[in-house]
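# Chains, contacts and geometry: an overview
Chain by chain, the residues run as shown.
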Amino acid sequence: MNLGFFLVLFGLVELIINFQRGHTFIYIEHMMGTPELKIILEFSAGAELLFGNIKRRELALDGNQKWTIANLLKWMHANILTERPELFLQGDTVRPGILVLINDTDWELLGELDYELQPNDNVLFISTLHGG
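Below: a short report on this structure.

One finds Leu 41, Ile 69, Leu 72, Met 76, Phe 88, Leu 117 and Phe 125 to be the most contacted residues of the largest nonpolar core, which totals 28 residues. Mapped onto this core, the elements with two or more residues apiece are strand E3 (36–44), strand E4 (56–62), helix H2 (69–79), strand E7 (98–102) and strand E9 (122–127). Top element by residues in this core is H2. It accounts for 5 residues. Those residues in contact with Phe 125 that lie beyond four places of it in its chain are Leu 41, Glu 42, Phe 43, Ser 44, Ala 47, Leu 73, Met 76, Phe 88, Val 94, Ile 98, Leu 99 and Val 100.

The structure is reproduced here in structure tokens:
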């Protein structure tokens, strides 16, 4: 039994667990007694290249805070955006040419940055930006 598992078991510290299973990357933030907000992020049509070439991520975010798409984008920039942020973000939002679907619905119909994430939401980012 490793020390990280022991500490999580007893809830003594915040632990970030990263492990890779095929092309799925699981990122879990765990704190003692903290509820989790589980969501799925997906990247398609080249957007995955900006996120370590990982197409699907299952997240368990801190459930004690309100998570909007605006908060999620800031979290993504700080934690998982690995390449050229200017190709994904423009100011506090996604760059034009990045389509965002939440549970297969265009985010523009759901309030864009103000949409409050719900348990098991699926957020898909599709790039329409292609060189030529």
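All right, on to the environment of Thr 128 then. Turning to its location among the elements, Thr 128 is positioned in the segment after E9. With relative accessibility at 43%, the residue Thr 128 sits in the partly exposed group. Through-space distance from the C-alpha of Thr 128 to that of Ala 47 is 8.8 Å; in sequence the pair is 81 residues apart. Ignoring sequence-local partners within four residues, the contact set of Thr 128 consists of Gly 97 and Leu 99. Polar contacts involving the side chain of Thr 128 include one to the main-chain carbonyl oxygen of Gly 97, which spans 2.7 Å.

This paragraph deals with the pairing of E7. Side chains Ile 98, Val 100 and Ile 102 of E7 all project onto a buried face; the interleaved residues Leu 99 and Leu 101 project onto a face where none is buried. Bridging between E7 and E9 involves 5 bridges; their strand directions are antiparallel. Following the sheet pairing, Leu 101 is matched in E9 by Leu 124. Across 2 bridges, the pairing between E7 and strand E8 (residues 105–106) is antiparallel. Bridge assignment links Leu 101 to a residue of E8, and that residue is Asp 106.

Let us now look at the pattern of salt bridges. A full pass over the atoms with the stated rule returns 4 salt bridges. Between Glu 42 and Arg 56 there is a salt bridge, with its nearest N and O atoms 3.8 Å apart. Linking Glu 42 in strand E3 with Arg 56 in strand E4, this pair joins segments that are 14 residues apart in sequence. Exposure remark for Glu 42: the relative accessible area of 24% places this residue in the partly exposed category. Overall, the relative accessible area of 24% leaves Arg 56 in the partly exposed class. With its nearest N and O atoms 3.0 Å apart, the salt bridge here joins Glu 86 to Arg 84. Under the relative-accessibility criterion, Glu 86 is labelled partly exposed at 43%. Connected through salt bridges with shared partners, the residues Glu 42, Arg 56 and Glu 58 form a single ionic network.

Conventions used here
- The residue count restarts for each chain, going from 1 along the sequence in the order it is written.
- Two thresholds apply to this predicted model, a pLDDT of at least 70 for residue-level local features and 80 or more for giving and counting side-chain atom pairs, whereas whole-chain, interface and lining totals are computed over all residues.
- Computation of side-chain values: all heavy atoms of the structure, hydrogens and water removed.
- Nine residue types can take part in a nonpolar core, namely buried Ala, Val, Leu, Ile, Met, Phe, Trp, Tyr and Cys, and a core is a set of them joined through side-chain atoms within 4.5 Å.
- Think of it in three bands: residues with accessible area under 20% of the maximum for their type are buried, residues over 50% are exposed, and the middle band is partly exposed, with areas taken using a 1.4 Å probe on protein chains only.
- The helix and strand labels rest on DSSP assignments: H or I over at least four residues marks a helix, E over at least two residues marks a strand, and numbering proceeds from the N terminus.
- We call two residues contacting when some pair of their heavy atoms lies within 4.5 Å.
- Any N or O atom pair separated by 3.5 Å or less is treated as a polar contact, with the protein-specific requirement of one donor-capable and one acceptor-capable atom, and with residues adjacent in sequence counted only for side-chain atom pairs.
- Strands pair, by our definition, only if DSSP identifies at least two bridges between them.
- Salt bridge criterion: a side-chain nitrogen from Lys or Arg within 4 Å of a carboxyl oxygen from Asp or Glu.

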